[in-house]
Each structure stands twice: as structure tokens, then as C-alpha cells.
Amino acid sequence: MKAIMFGPPGAGKGTYASRLKQKLGVETIATGDIFRELIKEDPELGRKVRDYVEKGLLVPHEVVVEVLKQRLSKIPEGKGFILDGYPRTLEQAKALEAVTKIDVILLLDVPDWLIIERLSSRRICRNCGAVYNTRFLKPKVDGVCDKCGGSLYQRSDDNPEVIKKRLQVYEEQTKPLLKYFEEKKVPFVVSKTTSLDQPPEPIVDKMIEELKRRKFA
Ligand SMILES: [Zn+2]
């Protein structure tokens with residue numbers, strides 16, 4: 001299964017991708033994670049990337065393609081993958097087609113109000129990357145990670161202003177992609193979220209059921 005997971009920022013793409021990874025044994029490729037690693041490890045390229053990320057803008061095409069090509073080349077022959085957070089533009093989708101074939105689109109349908117609510121209360125562990133939420137997934141001790149005791153921080157792009165900008169970018173640049181893949185007759189599996197406290201498990205199970213039914217898993 002070679003899949004792309006689509007959905008607005010904060011739709012839970014990472015959460016769903018990691019659960020599908022566990023249950024289906026596929027690899028997940030998140031450009032967001034690759035960028036964050038890059039910012040830590042490669043000061044020069046990292047600084048360029050960070051400027052874009054912090055402003056809620058897209059990282060330049062050539063940089064992403066380079067990073068992605070490297071990552072895809074490390075996947076063993078015959079193993080499936082889920083791309084999370086890429087492609088985001090038509091230009092990127094076409095570049096991706098030149099690198100690999102895509103079997104299925106996993107689409108997360110989440111309303112804007114829910115995204116803004118969820119992201120502006122998100123906190124992340126500086127040490128292990130665990131994700132919390134100050135409203136419905138609180139750590140036991142304020143500002144401290146349950147798993148490792150690390151300190152929690154708010155990503156600089158997780159504030160309402162930047163979130164709205166990111167949703168706007170998604171709307172303008174990513175949504176035409178769905179049309180593009182539709183026209184290419186790539187099948188879609190759509191998962192809808194309607195409330196803030198909806199647990200991911202039933203949604204993941206339904207996704208897998210649908211993927212199996214269509215022989216992708
Ligand atoms: Zn932690």
C-alpha cells in the first residue's frame with residue numbers, strides 16, 4: 001500500500017499514520033518530522049526551513065523533493081508507506097509521481113473550528129515528542145511529560161493567527177490536489193471527525209476495514 005494521508009494541519013495525520021504503521025506494518029513518512037530533525041542537525045539548511053515553518057509558509061519545492069527522495073530510497077522493496085504532510089501543492093504531486101506510484105488517498109475530514117481549538121491548546125514534550133492538550137489530554141503535572149518528565153512547550157506555529165494562516169494555505173494549495181488525484185482515479189478512503197473528544201481508535205479500525213475491503217491491506 002502506497003498511500004498519502006491528507007487533512008488540514010492538526011487533523012491528527014501523525015496519530016493515525018503511527019497507528020496504521022503499528023497495525024499494518026507500513027512505514028510512515030512525515031515531512032514535518034524530517035524538517036524538525038533537519039532544523040536540529042543541519043544548521044544552514046535547517047535555518048532556511050525554520051523560517052518558512054515558523055511563518056506558516058510552505059518549505060520550497062526543491063528542498064522537500066530532495067529530502068523525500070532520500071527517505072523513500074531507504075524503504076525496503078515491497079514494503080508499503082504512508083506519506084503524511086506531503087504533497088501539499090500540485091507541483092509537489094507531479095514531482096512525487098515521477099518518484100513513486102500512489103495507490104490510495106487517506107482523507108481526514110475535520111472542521112476548521114475543531115482544528116483551531118485543538119492546536120491552540122496543544123503541548124509537546126521537548127524531550128520525547130509526546131503530544132498533550134491542555135483541555136482534554138492534560139499531563140498529570142502541569143507542564144511536565146507523564147512519560148519522561150521532560151518539559152512541555154507550545155510550538156511557535158501553534159497559535160490561532162498562524163493556525164488560521166495554515167488552514168488558509170491548506171485550503172488554497174492542497175485542496176486542488178484532491179481534485180487532481182480524483183481525476184487520476186486514485187481511490188479515496190475518507191474519515192470524518194466531528195467532535196473534540198472523539199478517540200482515534202474507532203476511526204483507525206474503520207479505516208483499516210475499508211483498506212482491507214479494497215485489498216490495500
Ligand atoms: Zn516526554
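Worth saying up front: this structure is predicted, and the values here are computed from it rather than measured. (Residues numbered from 1 in each chain as written. Predicted model: local features only at pLDDT ≥ 70, side-chain atom pairs only at ≥ 80, totals over all residues. Heavy atoms only, no water.)

*Asks:* I'm lost on the pattern of salt bridges in this one. Help?
*Replies:* Note that side chains of opposite charge can pair when their charged atoms are close. In total, this model carries 14 salt bridges according to the counting rule given. The salt bridge partner of lysine 101 is aspartate 103, with a shortest N-O separation of 2.5 Å. Relative accessible area serves as the criterion here: at 57%, lysine 101 is assigned to the exposed category. Judged by relative accessible area, which is 17%, aspartate 103 ranks as buried. If you follow the salt bridges from partner to partner, you end up with Arg122, Arg155, Asp157, Asp158 and Arg166 in one network. (Salt bridge = Lys/Arg side-chain N within 4 Å of Asp/Glu carboxyl O. Buried < 20%, exposed > 50% of the residue type's maximum accessible area, 1.4 Å probe, protein only.)

*Asks:* I'm lost on the packing of helix α4 (residues 61-72) against helix α5 (residues 90-99) in this one. Help?
*Replies:* Two packed helices can be described by the angle between their axes and the distance between those axes. Their axes nearest at 11 Å, the elements α4 and α5 cross at an angle of 30°. As summarised for this structure, α4 and α5 are arranged roughly parallel, according to the angle between their axes. In the crossing of α4 with α5, the sense of the turn from one axis to the other is right-handed. Of the residues in α5, those touching α4 at His61, Val64, Val65, Leu68, Lys69 and Leu72 are Glu91, Gln92, Ala95, Leu96 and Val99. Classifying every residue of the contact of α4 with α5 by side-chain character gives 7 nonpolar, 2 polar and 2 charged. (Axes fitted to C-alpha atoms, helices over the stretch in contact; angles between N-to-C directions. Helix = DSSP H or I, 4+ residues; strand = E, 2+ residues; numbered from the N terminus. Parallel < 35°, antiparallel > 145°, perpendicular 65-115°, else oblique. Left-handed = near helix turned anticlockwise from the far one by under 90°. Contact = heavy atoms within 4.5 Å. Nonpolar A, V, L, I, M, F, W, Y, C, P; charged D, E, K, R; others polar.)

*Asks:* Is there a simple way to think about the packing of helix α1 (residues 13-24) against helix α8 (residues 200-213) in this case?
*Replies:* Between α1 and α8, whose axes approach to 10 Å, the crossing angle comes to 55°. Classified by the angle their axes make, α1 and α8 are oblique. The hand of the α1/α8 crossing is right-handed. Seen from α1, the contacting residues are Thr15, Tyr16, Arg19, Leu20, Lys23 and Leu24; seen from α8, they are Pro200, Glu201, Ile203, Val204, Asp205, Met207, Ile208 and Leu211. By residue class, the composition of the contact of α1 with α8 is 9 nonpolar, 1 polar and 4 charged.

*Asks:* Got a minute to help me understand the coordination of the zinc ion in this structure?
*Replies:* Looking at the zinc ion, one finds its protein donor set to be Cys125 (SG), Cys128 (SG), Cys145 (SG) and Cys148 (SG), positioned 2.3 to 2.4 Å from the metal centre. Note that the zinc ion binds 4 donor atoms; their angles at the metal cover 99 to 114°, and the shape is tetrahedral. Spacing between the donor residues of the zinc ion along the chain follows C-x2-C-x16-C-x2-C. (Donors = N, O, S within 2.8 Å, 3.2 Å for Na, K, Ca; no water. Tetrahedral: all angles 85-135°; square planar, octahedral: opposite > 155°, others 65-115°.)

*Asks:* Honestly, the pairing of strand β5 (residues 122-125) in this entry has me stumped. Any pointers?
*Replies:* Two faces, one strand: in a regular strand the side chains alternate between the faces of the sheet. Note that β5 and strand β6 (residues 131-133) share 3 bridges and pair antiparallel. Across the sheet, isoleucine 124 pairs through a bridge with valine 131, a residue of β6. Between the antiparallel neighbours β5 and β6 lie 5 residues, among them glycine 129 with a positive phi of about 85°. With 2 bridges connecting them, β5 and strand β7 (residues 152-153) associate as antiparallel partners. (Pairing = 2+ DSSP bridges.)

*Asks:* Got a minute to help me understand the environment of valine 49 in this structure?
*Replies:* Within the secondary structure layout, valine 49 lies in helix α3 (residues 43-54). Judged by relative accessible area, which is 1%, valine 49 ranks as buried. Linking valine 49 and arginine 155, residues 106 residues apart in sequence, is a C-alpha distance of 15 Å. With residues near it in sequence (within four places) discarded, valine 49 still touches Phe35, Leu38, Ile39, Val59 and Val63.

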